[in-house]
Amino acid sequence: MFRHDAESAGHPFGIRRVCRDTPDEGWPSLEESDFTKAKNVVLPNTLLSFGGNPFVGCLSLETVEVESGGMYKTRDNMLLSVDETELVAVYGKRSFSRTALTIPETVERMGSFALFNSEKLKSVTIPKNVREIQGNPFVWCCALESVTIDPENQWFKMVNNCLVSMDGKLLIGLNGPNVTHGSSKNPRHVVVPDGVEGVGELSLTADMVNLRTIWLPPTVTDVYDALEWGTEDAVYFTATNRFVVHGEIFCDTNIKDAYFYGPVPDGFLDWNARWWDCGKVKTIHYTAEFADEWRDALKQIGQKGALFDPADFLSPYDSRHDSELAASYGPFVPGERVSLALPALA
């Protein structure tokens, strides 16, 4: 059993926060890595907040207890605020093996990666009161087939099987295998909805072994640590504007080719924007219009580059694609751009 209480913390207020990465300076904190090998966890009643799901990677976890008198509690293998307006995490072997989850009606906020590693989860229902979702909640939800959002929810919606903000400008996560065009057993391509401007943290992490490509629309302006633990062959950034990279643009993925239709993104050469543990990335492809600055940038980080002509690809955001591909890739939902544009695949 892992136990950490106010007395052992050596601080008059006890442990105040559990962090995903580095504890906050000046705050007595625990890191999520403290729980990784634990089977049973007891949390102190001094906790005021969680910096994301504290049980990421805790595959052996069976029980979690929270001392009474604090701001958090557990119920049905969920870590919740006492008033049940915040869902911090689902946890434990039972949770990881469940196939359906209905989030309590009282929940207004879902913490970062709240459903992380629910590998057998097939369906999720998000209630009408949820107004804040921090980070992709579906990371490592490899079997997920259905995400239902209460029609009275005013903050989020599903478009092309992507979870986005109601205004369609922020991509939050992907709905498992069904986000792709092709069968759910053999997913091939992800097309992020046109109109998305912000690509949220790990929002493109789909964990699909057969996923071939990810297409990002020309409307993208900001990318936040979007790709990690993926299995994609290629990713296409179709924006011709200079978008901004926040953090690591690729992290520990199997991407072999990245295609940039526009100039070198702002932040691309920052340390955190380089490839971290991503040795399978072979080539950055760029257009002739921006060739000079791409060659200079790639030389600085020692990355191979190559020219490509966008005319060689039928972009999913090209108006020609609907009629040409509808016959091959099934019916389309009226009012939604769900048809797929394919590169020349072998």
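Remember, it's a predicted structure, so these values are computed and weren't measured experimentally.

Thresholds applied
- Residues numbered from 1 in each chain as written.
- Predicted model: local features only at pLDDT ≥ 70, side-chain atom pairs only at ≥ 80, totals over all residues.
- Heavy atoms only, no water.
- Helix = DSSP H or I, 4+ residues; strand = E, 2+ residues; numbered from the N terminus.
- Buried < 20%, exposed > 50% of the residue type's maximum accessible area, 1.4 Å probe, protein only.
- Contact = heavy atoms within 4.5 Å.
- Areas by Shrake-Rupley, 256 points an atom, 1.4 Å probe, with all protein chains shown as cover.
- Arc of directions from axis to C-beta.
- Pairing = 2+ DSSP bridges.
- Polar contact = N/O pair within 3.5 Å; in protein donor to acceptor, adjacent residues only side chain to side chain.
- pLDDT = per-residue confidence, 0-100.
- Salt bridge = Lys/Arg side-chain N within 4 Å of Asp/Glu carboxyl O.
- Phe/Tyr/Trp six-rings, centres within 6.5 Å; stacked < 30°, edge-to-face > 60°.

## Concerning the overall build of the chain
On a plain count of helices and strands, the chain comes out with four helices and 28 strands. Residues counted as buried form 51% of the 346 residues belonging to the chain. Considering only residue pairs separated by 6 or more positions, the chain has 44% of its internal contacts joining residues 24 or more positions apart. Summed over all atoms, the accessible surface of the chain reaches about 15,400 Å², with 48% contributed by carbon and sulfur.

## Here's the deal with helix α3 (residues 291–301)
Among the residues of α3, Ala291, Trp294, Ala297 and Leu298 are the ones counted as buried. The buried residues of α3 all sit within an arc of 130° when viewed along its axis, so they share a single face. Residues Asp292, Asp296, Lys299 and Gln300 are exposed on α3 and point more than 90 degrees away from its buried face. In this structure, the buried side of α3 is in contact with β26 (257–260), β27 (283–286) and β28 (305–307). Phi turns positive, to about 65°, at glycine 302, one or two residues after α3.

## Re the sheet that holds strand β8 (residues 78–81)
Pairing is mixed across the open sheet formed by five strands, whose spatial order is β7-β8-β9-β11-β13. Each end of this open sheet is capped by a strand with a single partner; those strands are β7 (72–75) and β13 (132–133). Pairing analysis gives two bridges linking strand β9 (residues 86–90) to strand β11 (residues 109–110), with the strands arranged parallel. Within the sheet, the bridge partner assigned to glutamate 86 lies in β11 and is arginine 109.

## Points about the side chain of threonine 238
Turning to its location among the elements, threonine 238 is positioned in the loop between β23 (234–237) and β24 (244–246). Of the polar contacts made by the side chain of threonine 238, one reaches the backbone oxygen of leucine 216; its length is 2.5 Å. When sequence neighbours within four positions are dropped, the list of residues in contact with threonine 238 reads Trp215, Leu216, Pro217, Pro218, Tyr261, Ser315 and Tyr317.

## So, unusual backbone geometry
A positive phi angle, near 60°, is found at asparagine 77, a position not held by glycine. With respect to the helices, strands and loops of the structure, asparagine 77 is situated in the loop between β7 and β8. On the accessibility criterion, asparagine 77 (13% relative accessible area) is buried. The backbone phi angle of glutamate 84 is positive, close to 60°, even though this residue is not glycine. Among the structural elements, glutamate 84 can be located in the loop between β8 and β9. Given the relative accessible area of 12%, glutamate 84 is considered buried.

## Concerning the confidence of the model for the chain
In the predicted model, the chain carries a mean pLDDT of 74, and the fraction of residues at 70 or more is 68%. In the model of the chain, helix α1 (residues 6–9) stands out as the element of lowest mean pLDDT, 34, in contrast to β11, which has the highest, 94. Taken as a whole, residues 1–16 scores under 50 in pLDDT and shows 39 contacts with residues more than four places along the chain or in a different chain. Every residue in residues 19–33 is under pLDDT 50, and counting partners more than four places away or in other chains gives 37 contacts.

## Observations concerning the sheet that holds strand β15 (residues 156–159)
Ordered by their spatial adjacency, six strands build an open sheet running β15-β16-β17-β19-β21-β24, and the pairing between neighbours is mixed. At either end of the open sheet lies a strand with only one pairing partner, and these are β15 and β24. Where strand β17 (residues 170–174) and strand β19 (residues 198–199) come together, two bridges link them in parallel fashion. By the bridge assignment for β19, leucine 170 is matched with glycine 198.

## Description of the pattern of salt bridges
Across all of its chains, the model carries eight salt bridges by this definition. Across the pair arginine 98 and aspartate 76 runs a salt bridge whose closest N-O atoms are separated by 3.7 Å. Taken together, the residues arginine 98 in the loop between α2 (92–97) and β10 (100–102) and aspartate 76 in the loop between β7 and β8 connect sequence positions 22 residues apart. Judged by relative accessible area, arginine 98 falls into the buried class, the value being 16%. Residues participating in the shared-partner salt-bridge network are Lys73, Arg75 and Glu84.

## Observations regarding the pairing of β9
In terms of residue burial, β9 counts as a mostly covered element, since five of its five residues are buried. Pairing geometry for β8 and β9, over three bridges, is antiparallel. Of the residues in β9, the one forming a bridge with leucine 79 is alanine 89.

## Considering the side chain of asparagine 53
Mapped onto the elements, asparagine 53 comes out in the loop between β5 (49–51) and β6 (63–66). In this structure asparagine 53 comes out as buried when scored by relative accessible area, which is 1%. Here the side chain of asparagine 53 touches phenylalanine 55 through a polar contact of 2.8 Å, landing on its backbone nitrogen. A polar contact of 2.9 Å, which involves the side chain of asparagine 53, links it to the backbone oxygen of phenylalanine 113.

## Observations concerning the packing of aromatic side chains
Scanning the entire structure with this criterion turns up 13 aromatic pairs. Between phenylalanine 237 and phenylalanine 243, the aromatic rings sit 5.5 Å apart at their centres with planes inclined by 20°, giving stacked as the arrangement. For the pair formed by phenylalanine 237 and phenylalanine 243, the shared burial category is buried.

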